[in-house]
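# A look at the structure
In case you want the letters, here they are:
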Amino acid sequence: FALFAAPSPLLGFTLWTGFNAVLALFVARRLALRFNTEAPWSVTLALVSFFPLMLDLFSGQVVVLLLVCLLEAVLDFERGRELRAGIWAGLLILKPQYAAVLVLVFLLKRRTRAVAGFALGTAAVMIGSLAVGGIGGVIAYARMLVTAYPSYTGTTGIREVAAQITTA
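Here's a quick rundown of the structure. (Residues numbered from 1 in each chain as written. Predicted model: local features only at pLDDT ≥ 70, side-chain atom pairs only at ≥ 80, totals over all residues. Heavy atoms only, no water.)

Attention now moves to the environment of Asp 76. Structurally, Asp 76 is set in helix α5 (residues 63-78). With eleven residues separating them along the chain, Asp 76 and Ile 87 place their C-alpha atoms 10.0 Å apart. Setting aside residues no more than four positions away along its own chain, Asp 76 makes contact with Arg 81, Arg 84, Ala 85 and Trp 88. (Helix = DSSP H or I, 4+ residues; strand = E, 2+ residues; numbered from the N terminus. Contact = heavy atoms within 4.5 Å.)

Structure (C-alpha cells):
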C-alpha cells in the first residue's frame, strides 16, 4: 500500500480507486464469462455497478482485493488445487471477520490441504503486517477489532476508532 500512500492524499486515493476499479472489472469479467449469455459485457457492467462495490470504491476499503482472493480460491477449489485455494482464502485474514468462518468450514470438512494453505496465507499477511506496522500496530489492530468494531454503527467511524485507540 506504500505506493498509494507516497503521493498526496488526493492522488493516492485516486490511484487506489483506479487500481480497485481495474481489479473489480477483472473479477466481474471473469464471473460474467461463466454466465451463459450472448452479452457478457452487460453482465460485467451489472456486476461492477453493484452498490456495495461502488461504496467500497468510494470509501477506499480493501474489499475488492478480498473479492479477488475469494474468486481465486473458488476457482482453485473447482480445479482441485486445495492448498492453493487455502492460501487464497488465508489472505482474507486482512479482514478477519470474513475469514474466520472459512477456516471452520475447512476443518469441519476435513480439508487438511486447504487448512494448511489457509495457514500459509494467514502467515503471509501476518508477516507483512509485522513488517509494516510492527508488533504495536498488530496489537492496536487486534484491540480495535475487539473493542471498537463490535460497536460500529455504519458510519465512517475513522475518528471514533482513532479516538478509542489513542485513549486506550
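Now, onward.
Below, the discussion takes up the packing of helix α2 (residues 9-32) against α5. Look at α2 against α5: their axes get within 9 Å of each other, and the N-to-C directions meet at 25 degrees. One way to sum up the angle between α2 and α5 is to call them roughly parallel. In this structure, α2 meets α5 at a crossing whose hand is left-handed. Side by side, α2 and α5 meet where Trp 16, Phe 19, Asn 20, Leu 23, Ala 24, Phe 26, Val 27, Arg 30 and Leu 31 of the first sit next to Val 64, Leu 65, Leu 67, Val 68, Leu 71, Glu 72 and Leu 75 of the second. (Axes fitted to C-alpha atoms, helices over the stretch in contact; angles between N-to-C directions. Parallel < 35°, antiparallel > 145°, perpendicular 65-115°, else oblique. Left-handed = near helix turned anticlockwise from the far one by under 90°.)

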